[in-house]
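Working through the structure, step by step
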Amino acid sequence: MEKKQFYKTVAALVLPIAIQNLINVGVTSADVIMLGKVGETVLSASSLAGQIYFIMTLIFFGLTSGAAVLTAQYWGKGDTRTIEKVLAITFRIGILVSVGFTLAVWAAPELLMRLFTTEPEVIRQGVRYLKIISCSYVISGITIVYFNVMRSVERVVIATVTYGISLVINVICNAAFIFGLGGLPAMGIQGAALGTLIARIFEICVVIVYGWKFNDTVRFHWRDLFEKNPLLHKDFIRYSMPVMFNELAWGAGMAAVTAIVGHLGSAAVAAHSVTQVSRQLAMVVSMGVAASAAIVCGKAIGEQREDLAKIYAARFTKLSVILGLAGGALILAISPVARALLNLSDQARSYLGFMMFVMAVFALLQSMNCVWIVGVFRSGGDTKYGLYLDGLSLWGGSILLGGLCAFVLHVPMPWVYVVLCCDELLKLPFSFRRYRSYRWLQNVTR
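Residues numbered from 1 in each chain as written. Predicted model: local features only at pLDDT ≥ 70, side-chain atom pairs only at ≥ 80, totals over all residues. Heavy atoms only, no water.

Considering the overall build of the protein chain
Assigned secondary structure in the protein chain consists of 17 helices and zero strands. The globule rule puts the C-alpha radius of gyration for 446 residues at 22 Å, and the 21 Å found for the protein chain is close to it. With respect to the three principal axes, the spread of C-alpha positions in the protein chain is 60 × 45 × 40 Å. Accessible surface, the protein chain as shown: approximately 17,900 Å² in total, 68% of it carbon and sulfur. Averaging the locations of the 37 positively and 23 negatively charged side chains of the protein chain gives two centres separated by 4 Å. (Helix = DSSP H or I, 4+ residues; strand = E, 2+ residues; numbered from the N terminus. Rg over C-alpha atoms; globule rule 2.2 N^0.38 Å. Areas by Shrake-Rupley, 256 points an atom, 1.4 Å probe, with all protein chains shown as cover. Lys, Arg positive; Asp, Glu negative; His and termini not counted. Charge placed at Lys NZ, Arg CZ, Asp CG, Glu CD.)

So, in structure tokens, the structure goes:
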């Protein structure tokens, strides 16, 4: 009965979270499909410009995942007032980060695009996209922080519904603005940015109404934004900052991978764009399981039921293996459809088939690492280990070796991509050893 209740609880968390992740992939997929119909250049430009937003959202994810170390355990303890204070601290930092990214884009959009490519037309199109999409950064900061903190106290349905409606708005607006439907001018890449901005405005409206009218469990208080709480702030820094830097290092690493691929030609960039969407699609359920592991195991630890947390961690590990295999199979199934559907050059189509196969092989490793590092370890406050492991395997492993292969040894592009994906293989034995040691299991509540 206990096992049945466990899987019932996990399903109630994983399903909405997985749908949220799927919706986020859907937003990206809509851009890829529609802009892929316009041409390879605008597809490459939107993908590269989107790396800036990608890095920013990873910082938000790091902040909220770190906050969830505290909120999930305080949720198990029944202390909602402290959770409200953690929410305010996360808001404060999230708003500052989003404002910083917005100002950076407004000040130097061309310089930011040159970090990823040297092709003038791709840069020009990317700047057009950035000038519009950057207006949504602060809005995204508020909504992502709020929904992710609500997730850690098992309030997940509201985010799923909101993002679902937002996806519909985004797709409709994208189609109208990109192709000029209904008498509107065809805006191309700028239309994709405008459609996304409108969807983000809808999301912030939902957050305001839900937080003000309907959420009586964990409420936002303006005074908490300016209140000083040295002990809680110290705890937040201790557990959230390593996660934020972990996500930033990983996100910057993914951006570096994109930059390396970007310097190998627009065909490689276009193929990489589609492969990344497929990877995200294959990982939606695994990411949901990882988030659920952080909540369920963290809540058990907050209730001082450490033995139960160990049992839960073992069950989540089994789920990660099953979902990793399923994700790899999904990528292989998507590959021929993507090559037939998108308007790609012969070279890009050739790259895409090989890159999708590589990503399918690594899907199992990524699923296991994700559930351990993002879910199990963080549930017990073990946030620094993931930072060290991701940083060394990515920056000291796959990116360093990939850069050497691409720019020094001049290895053919597909094999460069294999090297760029090898960080998941490098860190797997260390992740497994940490999981089996149970050194990740700590009660961090006061």
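Quick look at the environment of Phe362
Locating Phe362 in the fold gives a position in helix α14 (residues 346-379). Judged by relative accessible area, Phe362 falls into the buried class, the value being 13%. Distance in space between the C-alpha atoms of Phe362 and Ser350 is 19 Å, their sequence separation being twelve residues. Apart from the residues within four sequence positions on either side, Phe362 is in contact with Val418, Cys421, Cys422, Glu424 and Leu425. (Buried < 20%, exposed > 50% of the residue type's maximum accessible area, 1.4 Å probe, protein only. Contact = heavy atoms within 4.5 Å.)

Side note on the nonpolar core
Judged by nonpolar contacts, the single largest core of 82 residues is most densely connected at Tyr312, Phe316, Phe377 and Trp440. When residues in this core are grouped by element, the largest group, 19 residues, is from α14. Setting aside residues up to four positions removed in sequence, Tyr312 forms contacts with Glu2, Phe6, Val296, Cys297 and Ala300. Counting residues in each nonpolar core, the second largest holds 69 residues, with Ile55, Ile83, Ala192 and Val269 among its members. (Core = buried A, V, L, I, M, F, W, Y, C linked by side-chain atoms within 4.5 Å.)

Concerning unusual backbone geometry
Despite not being glycine, Gln304 has its phi angle at roughly 65°, a positive value. With phi around 55°, His410 is a residue other than glycine that occupies positive phi space. Tracing the backbone shows His410 in the loop between α15 (384-407) and α16 (413-420). The class of His410 is exposed, set by a relative accessible area of 60%.

A closer look at helix α11 (residues 266-282)
Over its 17 residues, α11 runs 24 Å from end to end, which matches the ideal 24 Å to within 8%, given 1.5 Å per residue. When you tally the buried positions in α11, you get 14 out of 17 residues, the bulk of the element. (Expected span 1.5 Å × (residues − 1).)

Comments concerning the pattern of salt bridges
Counting across every chain of the model gives eleven salt bridges. The partner of Glu154 in a salt bridge is Lys299, and the shortest N-O contact between them spans 3.0 Å. Of this pair, Glu154 sits in the loop between α6 (137-152) and α7 (157-179) while Lys299 sits in helix α12 (residues 284-302), and the two are 145 residues apart along the sequence. Judged by relative accessible area, Lys299 falls into the partly exposed class, the value being 25%. (Salt bridge = Lys/Arg side-chain N within 4 Å of Asp/Glu carboxyl O.)

Considering the layout of surface pockets
A volume near 430 Å³ is recorded for the largest pocket. Considering the residues around the largest pocket, the lining is formed by 14 residues, among which Phe91, Val207, Ile208, Phe220 and Trp222 are closest to the centre. Those elements giving two or more residues to the lining of the largest pocket turn out to be α3 (80-107), α6, α8 (189-214) and α9 (222-226). It is α8 that provides the largest number of residues to the lining of the largest pocket, a total of five residues. Its residues placed into classes, the lining of the largest pocket shows eleven nonpolar, two polar and one charged. (1 Å grid on protein atoms, 1.4 Å probe; cavity = no way out; pocket = protein on both sides within 12 Å on 5 of 7 lines; lining within 4 Å. Points joined across faces, edges and corners; volume = space filled by probe spheres on them. Nonpolar A, V, L, I, M, F, W, Y, C, P; charged D, E, K, R; others polar.)

Digging into the confidence of the model for the protein chain
Considering every residue of the protein chain, the mean pLDDT works out to 87; 99% of them sit at 70 or more. Of all the helices and strands in the protein chain, helix α1 (residues 2-38) carries the lowest mean pLDDT, 79, while helix α17 (residues 423-437) carries the highest, 93. (pLDDT = per-residue confidence, 0-100.)

What to know about the packing of aromatic side chains
Per the counting criterion, the structure on display carries 18 aromatic pairs. Between Tyr146 and Phe147, the ring centres sit 6.0 Å apart and the planes meet at 65°, which makes this aromatic pair edge-to-face. The exposure class assigned to Phe147 is buried, which follows from its relative accessible area of 2%. Look at Phe354 and Trp415: their rings are 5.2 Å apart centre to centre, the planes differ by 65°, and that puts the pair in the edge-to-face class. Residue Phe354 is found in helix α14, and its partner Trp415 is found in helix α16; the two are separated by 61 residues along the sequence. (Phe/Tyr/Trp six-rings, centres within 6.5 Å; stacked < 30°, edge-to-face > 60°.)

Regarding empty space enclosed by the protein
Inspection of every chain in the model, using the stated rule, returns two cavities of 30 Å³ or more. What the second largest cavity holds in volume is close to 170 Å³. Forming the walls of the second largest cavity are 14 residues, and the residues nearest its centre are Met254, Arg279, Met359, Cys421 and Asp423. Each residue belonging to the lining of the second largest cavity can be placed in one class, and the counts come to eight nonpolar, three polar and three charged.

Comments concerning the side chain of Thr90
By the element assignment, Thr90 lies in helix α3. Separated by 2.7 Å, the side chain of Thr90 and the backbone oxygen of Val86 make a polar contact. When near neighbours in sequence (up to four residues on either side) are disregarded, Thr90 contacts Leu63, Thr64, Ala67, Val145 and Phe236. (Polar contact = N/O pair within 3.5 Å; in protein donor to acceptor, adjacent residues only side chain to side chain.)

Side note on the packing of α12 against α14
Two elements in contact, α12 and α14, have axes whose closest approach is 7 Å; the angle formed by their N-to-C orientations is 25°. Put simply, α12 runs roughly parallel to α14. The element α12 and its partner α14 pack so that their crossing is right-handed. On the side of α12, the interface is formed by Ser286, Met287, Val289, Ala290, Ala293, Ala294, Cys297, Gly298 and Ile301, while α14 contributes Ser367, Cys370, Val371, Val374, Gly375, Val376 and Ser379. Tallied by class, residues from the contact of α12 with α14 come to eleven nonpolar, five polar and no charged. (Axes fitted to C-alpha atoms, helices over the stretch in contact; angles between N-to-C directions. Parallel < 35°, antiparallel > 145°, perpendicular 65-115°, else oblique. Left-handed = near helix turned anticlockwise from the far one by under 90°.)

A look at the packing of helix α2 (residues 40-77) against helix α10 (residues 230-262)
It is the contact of α2 with α10, at a shortest axis distance of 7 Å, that shows an interaxial angle of 155°. In this view, α2 runs roughly antiparallel relative to α10, as classed from their interaxial angle. In this structure, α2 crosses over α10, and the sense of that crossing is right-handed. Residue composition of the contact of α2 with α10, grouped by class: 20 nonpolar, seven polar and two charged.

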